[in-house]
Amino acid sequence: MKDKSPNKLVVELAPHVTGRMTKNLLMKYTFIALCIIAGVSFLSFGFDSIIISAISVLVAIGCDYLLSLIMGEKGPLNTMSAAVFGLIVAMSYSLGLPEAMANETIPTLAGGIEQYLYPALISAVGLIVFKKLQGLAGRKYVNPAAISKLLILGLLFMPAVSSLIPADHTASIALQNPLTESAFEGFPPYYPMETTNFGFTLLTCYASDAANPYVFGSSENPLPDVLYTMVVQKYHGWIGGASSIAVIAVGIALFALCRGYIKWRITLTYLVTTVLFSVAMGYMFGGDIILRTLFHLFMGSSIFMAFFMATDPATTPLTDLGQIIFGAGLAILTIVIQVFMGFLGGAILALVIMNLTSPILDRVGIRKSFGRR
Amino acid sequence: MTVKIKERKEKERKVPIEVFPDPKTAVILTLQHSGAKNTPLVSVGDKVSIGQKIGNSDKKVNAPIHSPISGEVKQISNANSLCYEDVCTLPADFGEAIIIENDGKKRKDKSLVSISESELESISNDILIGRIREAGIIGMGGAGFPTHIKLSPPSAYPIKFLVVNACESEVFDTSDERLLIEKTTNILKGVKVMRKILGSPEVIIAVKENKFEAVERVKEVFSGEQIRIEARSFSYAQGDASLLQKALFGWEVPAGKRSYTMGVVVHNVATINAVANAIFKGEPLISRVTTFTGDIDEPKNLLVKIGTPIGSIFDHYKINQGDIRKVVSGGAMMGNTITSLGAPVTKKTSSIIVYYKSNYKLGKKKTACIRCSKCISACPLNLHPVLIYEALEKEDLKSAKRLNSEDCFGCRICSYVCPSGIPLAHTILSGNL
C-alpha cells in the first residue's frame with residue numbers, strides 16, 4: 001500500500017495495533033523449516049536431493065514471477081509462498097526406491113536427467129494450474145503439490161506412457177499388488193499379513209539385509225537397527241521423509257513458533273488415528289503389530305505429509321471438529337490406499353481426496369457462540 | 001485460545017493526571033453516547049456558562065450534553081462534515097456539532113444540585129437517577145450507554161452484584177488506572193451512590209493485577225467497605241462486561257440480553273467517578289481523563305474538557321502538526337482515526353494516540369484469506385469471523401445472521417490476529433448496522 005496523500009491525516013480501520021504474524025512471516029518460517037529438512041535429506045540422498053530442491057524452488061519462483069507479469073493485479077508476486085510450494089514439491093518427490101541399506105547404493109528412480117525433469121514439471125504445473133488458477137476461483141480445493149504430483153506421475157501418464165512412471169509406482173511388484181499373492185509367484189508378497197512376508201517387505205523398504213527375513217527382535221535384526229532405519233534415517237520414498245525424527249522435531253518447532261496459525265489438530269489426530277488403525281488392522285490381519293504401526297507411522301511420505309502438507313491452511317477445514325475429522329479420515333484413507341492399493345506414496349492420493357471434503361467439513365462443528373450455549 | 005495483546009502502558013501508567021487548560025473554542029457533539037441524538041437547546045449567539053445544558057432529547061435512551069466552558073455559541077453544524085469527513089470507520093453519525101467560543105469569564109451554571117455524603121441515604125433513588133441523567137453521564141469505558149438507564153433495571157430483576165470494571169484492557173490507555181490511583185476516595189463515593197440506587201448489591205471491583213499501584217490504593221481505601229477486590233490477570237477481551245462476568249461468576253449472559261437479567265450491573269471506573277462528581281459536586285460530565293500518547297516523547301494523562309479540539313492539545317504541547325500522520329481517538333484496538341485535528345475530545349475519548357510520519361508504517365496489506373482459522377480460535381465469543389466475513393462478502397446476510405454476527409461487540413481481536421490483514425471486525429460490524 002502506497003502512502004497516497006502525505007499531507008492529510010490517514011484514515012485507517014481499527015485495530016491500530018496488529019499481531020506480529022503475517023502471511024509472509026508464516027511462509028518464511030515454513031520455508032526455513034523445510035530447508036532444514038532438505039538439509040537433513042542430504043545425509044540420505046546426497047546432492048541429488050539438494051539439486052532437486054533447488055530446481056523446484058527456482059522453477060516455482062520463476063513461474064510465479066512470469067505469472068505476475070501476465071496476470072497483473074489478479075496474481076500478485078508472492079515469492080515466499082512460491083518458494084515454499086517449490087520446496088514442498090521437492091520434499092514430496094519420490095527419489096528413493098525401497099531398498100536395503102546394506103546394499104550401500106541408493107537407487108535413483110527415473111535416473112539420469114528425468115529425476116530433475118519431473119520435479120521441475122510438477123513444480124511448474126502445480127504453481128500455474130493448481131496454485132494460481134485455483135486461487136482465482138476464490139479458494140483452493142486441493143493441495144497444489146499433491147494434485148500436481150499425482151496427476152503428472154500417477155494418473156495422467158500411467159496408461160499411456162508407463163516408462164515415465166518412477167519405479168516405486170510400478171516396478172516394485174510386491175508393493176503394487178499386495179492382495180494377489182498367486183499372480184506374482186516368486187516375489188515376496190507384501191500382503192497378506194504373514195509376519196515374515198510383511199517384515200521382509202518392510203525391511204527392504206527400510207534397509208537391513210534383504211536376504212535375512214525379518215524376525216522381530218532377532219539377533220540378525222535387533223530392535224535398535226529397526227528403530228534407527230524407521231525413525232532416524234531411511235531411503236524409501238519422499239525426500240522430505242528421509243528422517244522421521246527430523247520431520248517431527250522441525251514440525252513441532254514450527255508449530256510452536258507459529259502458535260495457533262498452523263492446524264496442529266490435523267497432524268495430531270492423523271498420528272493418533274494411524275496408531276489406532278494400524279493396531280486394529282494388526283488384530284484383523286495378524287502380523288507384528290508394533291512393526292506395522294511403526295511402518296505406517298514413520299513411512300517417509302506419511303510423516304512428511306502429516307506435518308507439512310496436511311496442515312496447508314487453504315485446503316483444510318476451518319473448524320476444530322472439521323480438522324479432527326479431516327486428520328482421522330486422512331489417516332484411515334492413507335493406510336487403506338497403502339495396504340489395499342499397494343500405492344506406497346498413496347498419502348498424496350488420500351490427501352487430495354480429503355481436501356475435497358474441506359468445504360463440507362467447514363460447516364461441521366460450528367461452535368455455539370457465547371451466550372447461546 | 002486467549003490472545004495476548006501487548007499493553008504498552010509502561011510509561012503512561014506512571015504519569016499523574018494533568019489538568020489541561022480550558023480550550024479557546026469547544027466543539028460539542030450532540031451524539032456522544034449510544035442512543036437518541038440530542039437536539040441543541042441553544043442557538044448561535046447565545047451566551048452559555050460552564051455546565052449549562054445545551055442539548056437534550058425526550059427519548060429514553062439519551063444523555064444530555066453540557067457546555068464545558070463559558071462563552072458564546074458561534075456555530076451549529078453537521079459534525080460529520082466538520083471533523084469526521086471521509087471517516088469510513090464506525091460509527092458514521094456524530095450528529096451536530098455546537099461550537100462555543102470561550103470568553104474566559106468562567107461563569108458557572110448551578111442548576112445541578114449537589115449533596116453531602118451524609119445526605120445520601122435520605123435522598124430517593126429517583127432523584128439520584130434523575131441527577132445522573134441530567135449530568136449526561138454515559139458508560140465511559142467505550143460503549144457509551146447512558147448510565148441512568150443501567151441504574152434503573154426493571155424491578156423484576158433484583159440486582160445482586162455491582163461490578164466496578166477497572167480492567168482497562170485497551171492498549172496504551174491508562175486513564176482509568178490513574179483515576180483509581182488518584183481519585184480512589186471519589187470512586188468509593190460513587191460506588192456508594194450506585195450501591196444505594198441498586199438496593200445494596202454486593203460490590204466487586206475487577207482490576208488487572210498488573211496495575212500494581214492502583215491495586216494497592218484500592219486495597220487501602222476500599223478495605224472495610226464490604227467490597228470484594230478481584231485483582232486478576234484479566235485478558236484484553238475480558239474488559240467487556242459479558243466476558244468479565246464469565247470470568248468472575250462463570251456464567252454467560254444470554255446473547256441479546258443485558259447484564260441485569262443475570263442480576264448484575266457493570267460500570268466503568270470513569271463512569272463511577274463521574275457519578276460521584278455529579279452527585280456530590282453538582283458537576284455534569286464536562287471533562288474526562290484521557291491518555292495522550294503514541295509516538296510523542298512524553299505521554300500524558302490529561303483531565304481535559306469534553307469538546308476540546310484535539311489540535312489544541314498539540315498546540316499546547318508545541319507538537320508540530322505537520323509531522324502528524326495519524327491520530328486515533330478512543331483506544332488503539334477499538335478507536336477511530338480522525339480526519340481533522342479540529343475533531344474534539346468526546347465523552348468516550350479514553351485516549352488520543354498520535355502517529356508521526358517518521359515512524360508511521362501503513363498497516364498490514366490486505367491479501368487473500370489463507371484460511372488459517374486463527375480468527376476462529378481467537379474470537380472470545382466463539383464466533384466464526386472468517387465464515388461471517390465470507391457470507392457478508394457474498395451479501396448473504398442470512399448466513400451471517402445464522403452465524404450470530406450480531407453478537408459481535410467489536411473487540412477487533414480477529415482483525416488483530418489475521419495474518420492476511422483482512423478487516424474482519426470492521427466488515428462484521430458494518431454488516432450489523
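Cut-offs applied
- Residues numbered from 1 in each chain as written.
- Chains lettered and ligands numbered in written order.
- Predicted model: local features only at pLDDT ≥ 70, side-chain atom pairs only at ≥ 80, totals over all residues.
- Heavy atoms only, no water.
- Helix = DSSP H or I, 4+ residues; strand = E, 2+ residues; numbered from the N terminus.
- Buried < 20%, exposed > 50% of the residue type's maximum accessible area, 1.4 Å probe, protein only.
- Contact = heavy atoms within 4.5 Å.
- Areas by Shrake-Rupley, 256 points an atom, 1.4 Å probe, with all protein chains shown as cover.
- Pairing = 2+ DSSP bridges.
- Phe/Tyr/Trp six-rings, centres within 6.5 Å; stacked < 30°, edge-to-face > 60°.
- Lys NZ or Arg CZ within 6 Å of the ring centre and 35° of its normal.
- Domains from an automatic or database assignment.
- Buried area = accessible area lost by both parts, 1.4 Å probe.
- Salt bridge = Lys/Arg side-chain N within 4 Å of Asp/Glu carboxyl O.
- Polar contact = N/O pair within 3.5 Å; in protein donor to acceptor, adjacent residues only side chain to side chain.
- Nonpolar A, V, L, I, M, F, W, Y, C, P; charged D, E, K, R; others polar.
- Axes fitted to C-alpha atoms, helices over the stretch in contact; angles between N-to-C directions.
- Patch = residues over 30% accessible without salt bridge, like charges linked within 9 Å, V, L, I, M, F, W, Y side chains within 5 Å.
- pLDDT = per-residue confidence, 0-100.

### Considerations on the overall build of chain A
For chain A, the helix and strand inventory stands at 15 helices and two strands. The buried share among the 373 residues of chain A stands at 56%. Pairs at least 24 residues apart make up 72% of the contacts formed inside chain A by residues separated by at least 6 positions. With an accessible surface of roughly 15,100 Å², chain A has 69% of that area assigned to carbon and sulfur atoms.

### Concerning the pairing of strand E7 (residues 71-78) of chain B
All names here are of chain B. Summarising the sheet, strand E4 (residues 47-48) and E7 pair through two bridges and their orientation is antiparallel. Its bridge partner lying in E7, Lys47 is registered against Glu72. Inspection of the sheet shows E7 paired to strand E8 (residues 96-102) by seven bridges, in the antiparallel sense. From the neighbouring strand, Ile76 faces E8, where its bridge partner is Ile98.

### Focus: the packing of aromatic side chains
Taken as a whole and assessed by the stated rule, the structure comprises ten aromatic pairs over all chains. Aromatic side chains Phe42 of chain A and Phe47 of chain A sit 4.9 Å apart centroid to centroid with 70° between the ring planes, which places their arrangement in the edge-to-face category. Classification of Phe42 of chain A as partly exposed rests on a relative accessible area of 34%. Ring geometry for Tyr157 of chain B and Tyr260 of chain B: centres 5.3 Å apart, planes at 55°, overall tilted. Placement of the pair is Tyr157 of chain B in the loop between helix H3 (147-150) and strand E9 (161-166) and Tyr260 of chain B in the loop between helix H7 (241-249) and strand E12 (264-268), with a sequence separation of 103 residues. A residue is classified by how much of its surface remains accessible, and Tyr157 of chain B, at 33% relative accessible area, is partly exposed. Three or more aromatic residues joined by ring pairs form one cluster here, namely Phe20, Phe292, Phe314 and Tyr317 of chain B. Lying over the aromatic face of Phe145 of chain B, Arg258 of chain B brings its terminal NZ or CZ to 4.2 Å of the ring centre. Over the ring of Tyr355 of chain B we find Lys326 of chain B, and its NZ or CZ is 4.7 Å from the ring centre.

### Overview of the domain arrangement of chain B
Residues and elements named next belong to chain B. The domain boundaries assigned to chain B delineate domain 1 (7-20 + 111-361) and domain 2 (374-432). On a C-alpha basis, the centroid separation for the pair domain 1 and domain 2 is 27 Å. Buried surface at the junction of domain 1 and domain 2, summed over both partners, amounts to about 700 Å²; 70% is from carbon and sulfur atoms. If you look at where domain 1 meets domain 2, you find zero salt bridges. Summed over the shared surface of domain 1 and domain 2, the result is one residue pair in polar contact (both at pLDDT 80 or more). Class assignment for the residues of the side of domain 1 that touches domain 2 results in six nonpolar, no polar and one charged.

### Points about the pairing of strand E14 (residues 300-305) of chain B
Residue and element names in this part refer to chain B. For E14, a buried count of five out of six residues is recorded, marking the element as mostly surrounded by other parts of the structure. As paired elements, strand E1 (residues 17-19) and E14 share three bridges and run parallel to each other. From the neighbouring strand, Ile17 faces E14, where its bridge partner is Asn301. Relative to E14, strand E13 (residues 287-294) is paired through six bridges, and the arrangement is antiparallel. Bridging across to E14, Arg288 finds its partner in Val304.

### Some words on the environment of Ile348 of chain A
All names here are of chain A. One can find Ile348 in helix H15 (residues 347-361). Judged by relative accessible area, Ile348 falls into the buried class, the value being 1%. Contact partners of Ile348, with chain neighbours within four places excluded, come to Ala146, Lys149, Leu150, Trp238 and Met309.

### Some details on the sheet that holds E13 of chain B
All names here are of chain B. Spatially, the six strands line up as an open sheet ordered E1-E14-E13-E17-E15-E16, and their pairing is mixed. Strand pairing shows two members of the sheet lacking a second neighbour, E1 and strand E16 (336-337), which therefore form its edges. The pairing of strand E15 (residues 324-329) with strand E17 (residues 351-356) spans five bridges and is classified as antiparallel. Bridge pairing in E17 links Lys326 to Tyr355. Against the sheet, helix H4 (residues 175-182) touches E1, E13 and E14, its axis set at about 125° to E13.

### Remarks on a nonpolar patch on the surface
Residue and element names in this part refer to chain A. There is a patch of nonpolar side chains on the surface, built from Phe42, Leu43, Phe47, Ile50 and Ile51 and spanning about 480 Å² of accessible area. Sorting the residues of the nonpolar patch by element identifies helix H1 (23-45) and helix H2 (47-71) as the ones contributing at least two each. No other element matches H2, which puts three residues into the nonpolar patch. Within the secondary structure, Leu43 sits in helix H1. On the basis of relative accessible area, Leu43 is assigned to the exposed category, the value being 60%.

### Details of the interface of chain A and chain B
Taken together, the contacts link 43 residues of chain A with 65 residues of chain B. Interface area, chain A with chain B, both sides summed: about 4,800 Å², of which 57% is carbon and sulfur. Looking only at chain A, the three residues that lose the most surface to chain B are Leu9, Arg367 and Phe370 of chain A, adding up to 17% of its buried area. Counting every contact that joins chain A to chain B gives five salt bridges. Notably, a salt bridge pairs Lys326 of chain B with Glu12 of chain A, separated by 2.3 Å at the nearest N-O pair. Where chain A touches chain B, the interface holds 27 residue pairs in polar contact (both at pLDDT 80 or more). Its residues assigned to classes, the side of chain A that touches chain B comprises 17 nonpolar, twelve polar and 14 charged.

### Let's talk about the confidence of the model for chain A
Residues and elements named next belong to chain A. Averaged over every residue, the pLDDT of chain A is 76; residues scoring 70 or more account for 69%. Mean pLDDT across the elements of chain A bottoms out in helix H7 (residues 173-176) (32) and peaks in helix H10 (residues 244-257) (95). Taken as a whole, residues 1-6 scores under 50 in pLDDT and shows ten contacts with residues more than four places along the chain or in a different chain. Scored below 50 in pLDDT, residues 97-110 shows 41 contacts in the model against residues more than four places distant or in partner chains.

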